[in-house]
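Tertiary structure, described
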Amino acid sequence: MSNMAGPIPAWMRWPVLITGGVCLIIGLNLALSLLGVWAPVPSGDTDAAIHGQVMTFGFAGTLICLERVIALREKWALIAPAALGIGGTILLFEPTIGRAFHAVGMALLVAVYWRLARRGLTAAMSIQILGALFGLGAVLLWWTGAATWAIIPWIAGFFVLTIVGERVELAHLSLPAGAERLAWGLALALSFAIVAVLAAGRGGEFVGVLFLAQAAWLARYDIARTTVRSAGLPQYSAANMLAAMVWLAIAGATWVLGGELTASPVYDTVVHSLTIGFTISMIMAHAPIILPAVLRRPLPYRPIFWVPAVLLNAGLLIRLIGDVRGLTVTWQIGGALLVATILAFVITAAASSAAGPPKVKKRQPEFRDEPRATGGLMIGRPDTKGRG
């Protein structure tokens, strides 16, 4: 594979990202149908499982996988995010084929991590590998027809362990003795709990307890707790990360107090606190950092980015209150606001990129041109001294 190594040209990256964008549009349209409100494209009897898989692996999975491939710098690996994006676009019409594509994409993501680990297997990388394995397990369970509520712990394992592993990597140099080992121990405990829940068909409360532990680790050791006191992009990113930690804790507490995911309010709160509150908040936090490296186009931070960030949290809170209280209209309003907010963020980011860097006297923080091979979606660190 050495002849396929080297920086991946931007023209090869864009089509893959576009498939992820298409999955986002499809997933949001399906979300409106599930809410029972007007959707631009009628979806008939919408399958909640299809919506979930399009959003989790077709959209978010493609983004995560594409960033990892660019860090690996081997062109063959583009097959992985391409398979996730393509699979997501055809799930609505050919679920079996779409899930087969997703199984291929996630298996290749595990292979990508394996090759990255050959450059140096750290605790942070080990946590991310566990996350990829849970992602692969989730798509295989979906492919075999498992109920969505039974797959949720595996999806959670994919997102939580991937993101926590990358945050561990970022904080590596500043972590006190034992903190990295604690993160690895929590990741192993969460892994055992997720597998045990599948085997026993119960016990999700233990997964919830470990979500609380993961949120506590992030709140204690992540650099966001200090950078939130700065200004501009570092403050914006840190605020979104701290909000993500709160939503992870809410998901864990709800699971512990509410019991199994078969209860609708528990299911809705856990699922959307994890996938939107935790994961989308992390993506929004790092879009101005990671996307320029992925696409070789600037995405300057602007204060308007705070608008969708605030509305995302407001919309999710409104939706969950409506679901818990049985207020259908409130639930619909919150859900529709979330759809509008995510679209607004995409449009805002695109407009900011097209407009170019703002004219300011003070230099914006600069970031590495390429993601590091040992880091990930969340690892861009501002360089306030102006080094690239």
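Residues numbered from 1 in each chain as written. Predicted model: local features only at pLDDT ≥ 70, side-chain atom pairs only at ≥ 80, totals over all residues. Heavy atoms only, no water.

**Description of the confidence of the model for the protein**
When pLDDT is averaged along the protein, the result is 88; 90% of the residues meet or exceed 70. Low confidence marks residues 372–388, where pLDDT is under 50. Its contacts with residues over four positions away, or in another chain, come to 55 contacts. (pLDDT = per-residue confidence, 0-100. Contact = heavy atoms within 4.5 Å.)

**A word on the nonpolar core**
Counting 123 residues, the largest nonpolar core has Phe 57, Phe 211 and Trp 217 as its most contacted members. Broken down by element, the residue count for this core peaks at 16 residues, all from helix 11 (residues 264–295). The residues contacting Trp 217, other than those within four sequence positions of it, are Val 168, Leu 175, Ala 179, Leu 182, Ala 183, Leu 186 and Asp 222. (Core = buried A, V, L, I, M, F, W, Y, C linked by side-chain atoms within 4.5 Å. Buried < 20%, exposed > 50% of the residue type's maximum accessible area, 1.4 Å probe, protein only. Helix = DSSP H or I, 4+ residues; strand = E, 2+ residues; numbered from the N terminus.)

**Quick notes on the environment of Thr 19**
Here Thr 19 lies in helix 1 (residues 10–35). Under the relative-accessibility criterion, Thr 19 is labelled buried at 16%. Sequence separation between Thr 19 and Asn 313 is 294 residues, and the spatial gap between their C-alpha atoms is 26 Å.

**Regarding the packing of aromatic side chains**
Scanning the entire structure with this criterion turns up 11 aromatic pairs. Note on Tyr 236 and Tyr 301: the rings are 5.7 Å apart at their centroids and 40° apart in plane angle, and the pair reads as tilted. With a gap of 65 residues between them, Tyr 236 in helix 10 (residues 232–258) and Tyr 301 in the loop between helix 11 and helix 12 (306–325) connect regions that are remote in the sequence. Here the two residues Tyr 236 and Tyr 301 agree in accessibility, since each one is buried. Connected via pairs of aromatic rings, a cluster forms that spans Tyr 236, Tyr 301, Phe 305, Trp 306 and Phe 345. (Phe/Tyr/Trp six-rings, centres within 6.5 Å; stacked < 30°, edge-to-face > 60°.)

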